[in-house]
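Residue-level structural notes
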Amino acid sequence: PGGKALNQAVGSARLGSRVAIVGTVGQDTFGEKLMRAVQMEGVDTAGVTQHPDLGTATVGIVLHDNTPGFITAQGASTQLRADDVTRGVSNALLIAGPGSPVCVVTLEVPVPVVLAALQAAKACSARTILNPAPLTGDAPNLDLLLPLVDLIVPNLLEARTFVGLPQAPAARLAQEL
């Protein structure tokens, strides 16, 4: 359906996992279509709120010399609050049921919100996965997140930015991470 977090949620649901998402969309056609699409895939959306004034986040992808770039309008996702996420993650992990609960977070929302999600997940004894995208100027704040992260899954550009080695080969980056 679009968006890193939603695509991961749908992929997990297609693999048979019980999945719930937490987030904010706009009260617009795009947000409604996204929610319907993930619900049809079996993803629980009870933790998603609608913002009355801001549109659903969108991303445009541009290619220059085979290098992707992204143009983002964050919209309603910027209004997701830490207290909503704390409640939402706890409820989502209850929905997921017993077994090995996992909480996957991205940097598509403000870092304090990601921190709250990770803290709530750890309070529920869930394993945590950080997909550090999009990696922006908030990269230094990742030091707050990493103690709460069990697994980090960056792409090549994110790994290079994250470890501060812009030309390093993948093997070196794996050692540094």
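All values derive from a computational prediction rather than experimental measurement.

This paragraph deals with the layout of surface pockets. Considering only enclosed or pocket space, the second largest pocket measures out at about 160 Å³ in volume. For the second largest pocket, the lining is made up of 15 residues, of which Ala46, Gly47, Asp84, Gly88 and Asn91 are closest to its centre. Listing elements by their share of the lining of the second largest pocket, those giving two or more residues are β1 (19–26), β2 (43–51) and α3 (82–96). Ranked by residues supplied to the lining of the second largest pocket, first place goes to α3 with six residues. Split into classes, the residues belonging to the lining of the second largest pocket amount to seven nonpolar, five polar and three charged.

This brings us to the pairing of strand β5 (residues 102–106). Bridge count for β5 against strand β6 (residues 127–131) is five bridges, and the pairing is parallel. Across the sheet, cysteine 103 pairs through a bridge with threonine 128, a residue of β6. In this fold, the crossover linking β5 to β6 by way of helix α4 (residues 111–123) has right-handed handedness.

Right, let's talk about the sheet that holds β5 for a bit. With respect to topology, three strands assemble into an open sheet ordered β5-β6-β7, the strand pairing being parallel. Looking at the sheet topology across the chains shown, the edges are occupied by β5 and β7 (151–152).

Right, let's talk about helix α1 (residues 4–14) for a bit. Turning to α1, its buried residues number three or more, namely Leu6, Ala9, Val10 and Ala13. Taken down its axis, α1 places every buried residue within 95° of arc, on the same side. Those residues of α1 that are buried are in contact with β1, α2 (29–40) and β2. A positive phi of about 100° marks glycine 16, the residue just after α1.

Turning to the nonpolar core, a few remarks are in order. In this structure, Val89, Val105, Leu107, Leu118, Leu130 and Leu145 are the most contacted members of the largest nonpolar core, which totals 23 residues. If one sorts the elements of this core by residue count, α4 sits on top with eight residues. Judged by nonpolar contacts, the second largest core, of twelve residues, contains Val19, Ile21, Met35 and Val48.

Let us look at the pairing of β6. The element β6 is largely enclosed, with a buried count of four among its five residues. Sheet topology note: the β6/β7 ladder contains two bridges and is parallel. Looking at β7, one finds that isoleucine 129 is bridged to leucine 151.

As a general rule, the predicted coordinates of low-pLDDT regions are not to be interpreted in detail. The predicted model of the protein chain averages 85 in pLDDT, with 95% of residues at 70 or higher. Per-element averaging of pLDDT across the protein chain places strand β4 (residues 67–73) at the bottom with 73 and β6 at the top with 93.

Before going further, it helps to spend a moment on the pattern of salt bridges. By the definition in use, this model includes six salt bridges. Its salt-bridge partner being arginine 81, residue aspartate 83 comes within 3.3 Å of it at the nearest N-O pair. For aspartate 150, the salt bridge goes to lysine 122, with nearest N and O atoms at 2.7 Å. With aspartate 150 in the loop between α5 (142–145) and β7 and lysine 122 in helix α4, the pair connects residues that are 28 residues apart, well separated along the chain. By relative accessible area, aspartate 150 is classed as partly exposed at 37%. The exposure class assigned to lysine 122 is partly exposed, which follows from its relative accessible area of 30%. A cluster of three or more residues bridged by salt bridges with shared partners is formed by Arg81, Asp83, Asp84 and Arg87.

Moving on, we come to the packing of α3 against α4. Two numbers describe how α3 lies on α4: the axes approach to 8 Å, and their chain directions differ by 35°. The two elements α3 and α4 meet at a crossing, and its hand is right-handed. Where α3 approaches α4, its residues Ala82, Val85, Thr86, Val89, Ser90 and Leu93 are matched on the opposing element by Pro112, Val113, Ala116, Ala117, Ala120 and Ala121. The class makeup of the residues in the contact of α3 with α4 is ten nonpolar, two polar and no charged.

About the thresholds
Residues numbered from 1 in each chain as written. Predicted model: local features only at pLDDT ≥ 70, side-chain atom pairs only at ≥ 80, totals over all residues. Heavy atoms only, no water. 1 Å grid on protein atoms, 1.4 Å probe; cavity = no way out; pocket = protein on both sides within 12 Å on 5 of 7 lines; lining within 4 Å. Points joined across faces, edges and corners; volume = space filled by probe spheres on them. Helix = DSSP H or I, 4+ residues; strand = E, 2+ residues; numbered from the N terminus. Nonpolar A, V, L, I, M, F, W, Y, C, P; charged D, E, K, R; others polar. Pairing = 2+ DSSP bridges. Right-handed = clockwise from strand over helix to strand, strands pointing away. Buried < 20%, exposed > 50% of the residue type's maximum accessible area, 1.4 Å probe, protein only. Arc of directions from axis to C-beta. Contact = heavy atoms within 4.5 Å. Core = buried A, V, L, I, M, F, W, Y, C linked by side-chain atoms within 4.5 Å. pLDDT = per-residue confidence, 0-100. Salt bridge = Lys/Arg side-chain N within 4 Å of Asp/Glu carboxyl O. Axes fitted to C-alpha atoms, helices over the stretch in contact; angles between N-to-C directions. Left-handed = near helix turned anticlockwise from the far one by under 90°.

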